[in-house]
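# Chains, contacts and geometry: an overview
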Amino acid sequence: MIVSNEQIAEHWGEAPERCWRCGYKSGLEQCHIVPASLGGGDSADNLVLLCGRCHNEAPNHQDPQYLWRWLRATRTESTDTYWTIRGWEEFEVMFGRKPLSCFTDAGDLTTECRELAADEFAKTVDRFGEGLNPSTIACMIAEVEKKLAQRHGITLPDAA
Ligand SMILES: [Zn+2]
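Residues numbered from 1 in each chain as written. Predicted model: local features only at pLDDT ≥ 70, side-chain atom pairs only at ≥ 80, totals over all residues. Heavy atoms only, no water.

### A short note on the domain arrangement of the protein
We apply this condition: Where each domain starts and ends comes from a domain assignment, either automatic or drawn from a database. In this description, contact between two residues means that some pair of their heavy atoms is separated by no more than 4.5 Å. Throughout, buried area stands for the accessible area (probe radius 1.4 Å) lost by two parts on being put together, summed over both. Throughout this description, the term salt bridge denotes a Lys or Arg side-chain nitrogen within 4 Å of a carboxyl oxygen of Asp or Glu. Under the rule applied, a polar contact is a pair of N or O atoms within 3.5 Å (in protein, one hydrogen donor and one hydrogen acceptor; residues adjacent in sequence only if both atoms are side-chain atoms). Strands here mean DSSP runs of E at least two residues long; helices mean DSSP runs of H or I at least four residues long; both are numbered from the N terminus. Put simply, Ala, Val, Leu, Ile, Met, Phe, Trp, Tyr, Cys and Pro go in the nonpolar bin, Asp, Glu, Lys and Arg in the charged bin, and everything else, Gly too, in the polar bin.
Each assigned domain of the protein is listed here: domain 1 (5-74) and domain 2 (82-152). Computed from C-alpha atoms alone, the centre-to-centre distance between domain 1 and domain 2 is 29 Å. Listed per partner, the contact involves 11 residues of domain 1 and 6 residues of domain 2. Summed over both partners, the interface of domain 1 with domain 2 comes to about 790 Å²; 46% of that surface belongs to carbon and sulfur atoms. Three residues stand out in domain 1 for area buried against domain 2, namely Y24, R53 and E57, and they jointly supply 59% of the buried area on that side. Linking domain 1 with domain 2 are 1 salt bridge. Linking domain 1 with domain 2 are 4 residue pairs in polar contact (both at pLDDT 80 or more). Counting residues per element, the side of domain 1 that touches domain 2 draws most heavily on helix α2 (residues 52-57), at 5 residues. Broken down by class, the residue content of the side of domain 1 that touches domain 2 amounts to 3 nonpolar, 4 polar and 4 charged.

### Describing the side chain of R53
Inclusion rule: Accessible area is worked out with a 1.4 Å probe on protein chains only. A residue is then buried under 20% of its type maximum, exposed over 50%, and partly exposed in between. A positive count includes Lys and Arg, and a negative count includes Asp and Glu. His and the chain ends are not counted in either.
The topology assignment puts R53 in helix α2. Although R53 is buried, it makes no salt bridge; E130 carries the closest opposite charge, 5.8 Å away. At 2.5 Å, the side chain of R53 forms a polar contact with the backbone oxygen of L132. For R53, the contacting residues outside a window of four places in its chain are Y24, W83, E130, G131 and L132.

Put into structure tokens, the structure is as follows:
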């Protein structure tokens, strides 16, 4: 690499150790604002720091305004929750309802869900060590719901 992550961060006044979009610390990559194949250079003024997952989702367009528009519109201020929230949204798309919508009378399930989720990582894999993608997180939520349903004697609408 010709330019260091620190130089890119300094150029834009951003942090060098976290993804500028989701806030995760894993595997930062240098992302071209204007893609190299469309004439974008390898200097700090054409690079931002994104994790692999965000890099995959970033716009690849010759007009740099779109990268910035996307980054401003989708970046999160709260670190370490971005992909979990995306997983919850993906669950809603896959199952047609919000996660835990069947457990409204069961009280606060936060602790129980965390405990059950801890066992679910073994059933998943994160490609390239990038962290779980939203659809995989949605699957974990579905598995946690199944266990919760058993414990609380609730029948899920999509139970097979
Ligand atoms: Zn990211």
